[in-house]
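# Observations on the three-dimensional arrangement
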Amino acid sequence: MVARLEGARRRLSAEQDGRAWLAWHVAALSRAQKLPDLGSMFAQQEKQGPQTAAEQEISLDQLFLAWGGDPAQLAQVRETRGQS
C-alpha cells in the first residue's frame, strides 16, 4: 500500500511539474518576438536497441520478486540455469 501511495505522489508531482513547465513556456513564448523552431522544444532522447536475452532475464527476475516471489526459489532456479 505504501508503494502505491508513493507512486501516486510521484505521479501527481510529475504532473504538476509538467503543468508548471507548460505555463512558464506559454508565458515566455507569448512575449517572444520570434518563435523558436518547434523541433528545438522537444527533448532529444537516444534510441535504444532491443533488449538482450540477459537483460530480459534480469527484468523477469525483478518482476518475479516485485510480485512477491520467493527469493530462495529464484536462487534455486538460477542455480539450475547455471547462474549464481
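In case you missed it, the structure is sitting above this.
On a predicted model such as this, the values are computed, not experimentally measured, just so you know.

About the criteria used
- Residues numbered from 1 in each chain as written.
- Predicted model: local features only at pLDDT ≥ 70, side-chain atom pairs only at ≥ 80, totals over all residues.
- Heavy atoms only, no water.
- Helix = DSSP H or I, 4+ residues; strand = E, 2+ residues; numbered from the N terminus.
- Rg over C-alpha atoms; globule rule 2.2 N^0.38 Å.
- Buried < 20%, exposed > 50% of the residue type's maximum accessible area, 1.4 Å probe, protein only.
- Areas by Shrake-Rupley, 256 points an atom, 1.4 Å probe, with all protein chains shown as cover.
- Lys, Arg positive; Asp, Glu negative; His and termini not counted.
- Charge placed at Lys NZ, Arg CZ, Asp CG, Glu CD.
- Axes fitted to C-alpha atoms, helices over the stretch in contact; angles between N-to-C directions.
- Parallel < 35°, antiparallel > 145°, perpendicular 65-115°, else oblique.
- Left-handed = near helix turned anticlockwise from the far one by under 90°.
- Contact = heavy atoms within 4.5 Å.
- Nonpolar A, V, L, I, M, F, W, Y, C, P; charged D, E, K, R; others polar.
- Salt bridge = Lys/Arg side-chain N within 4 Å of Asp/Glu carboxyl O.

### Considering the overall build of the chain
- When you go through the chain residue by residue, the secondary structure sums to 3 helices and 0 strands.
- In sequence order, the chain lays out its α and β elements as α-α-α.
- Against the compact-globule benchmark of 12 Å for 84 residues, the chain has a radius of gyration of 22 Å, which places it well outside the compact range.
- Its C-alpha atoms put the chain at 65 × 35 × 10 Å along the principal axes.
- Burial analysis of the chain (84 residues in total) assigns 5% to the buried set.
- Of the roughly 7,900 Å² that the chain leaves accessible, carbon and sulfur atoms contribute 58%.
- Taking the average location of the 10 positive side-chain charges in the chain and that of its 10 negative ones, the two points are 11 Å from each other.

### Section: the packing of helix 2 (residues 53-66) against helix 3 (residues 71-81)
- Where helix 2 meets helix 3, the axes come as close as 10 Å, and the angle between the chain directions of the two elements is 155 degrees. Here helix 3 runs roughly antiparallel to helix 2, going by the angle between their axes. For the crossing formed where helix 2 meets helix 3, the hand is right-handed. Contacts between helix 2 and helix 3 involve E57, D61, F64 and L65 from the former and P71, Q73, L74, R78 and R81 from the latter.
- Here the contact of helix 2 with helix 3 is built from residues that sort into 4 nonpolar, 1 polar and 4 charged.

### Section: the pattern of salt bridges
- Considering all chains together, one arrives at 6 salt bridges under this definition.
- Of the charged contacts, one joins R81 and E57 as a salt bridge, the two residues approaching to 2.1 Å between their closest N and O atoms. One end of the pair, R81, is in helix 3; the other, E57, is in helix 2, and 24 residues separate them in sequence.
- Take R81: its relative accessible area is 37%, and that puts it in the partly exposed class.
- Assessed through its relative accessible area of 29%, E57 is described here as partly exposed.
- Each member of the salt-bridge network shares a partner with another, and the members are E57, D61, R78 and R81.

So yeah, pure geometry; function would need other evidence.
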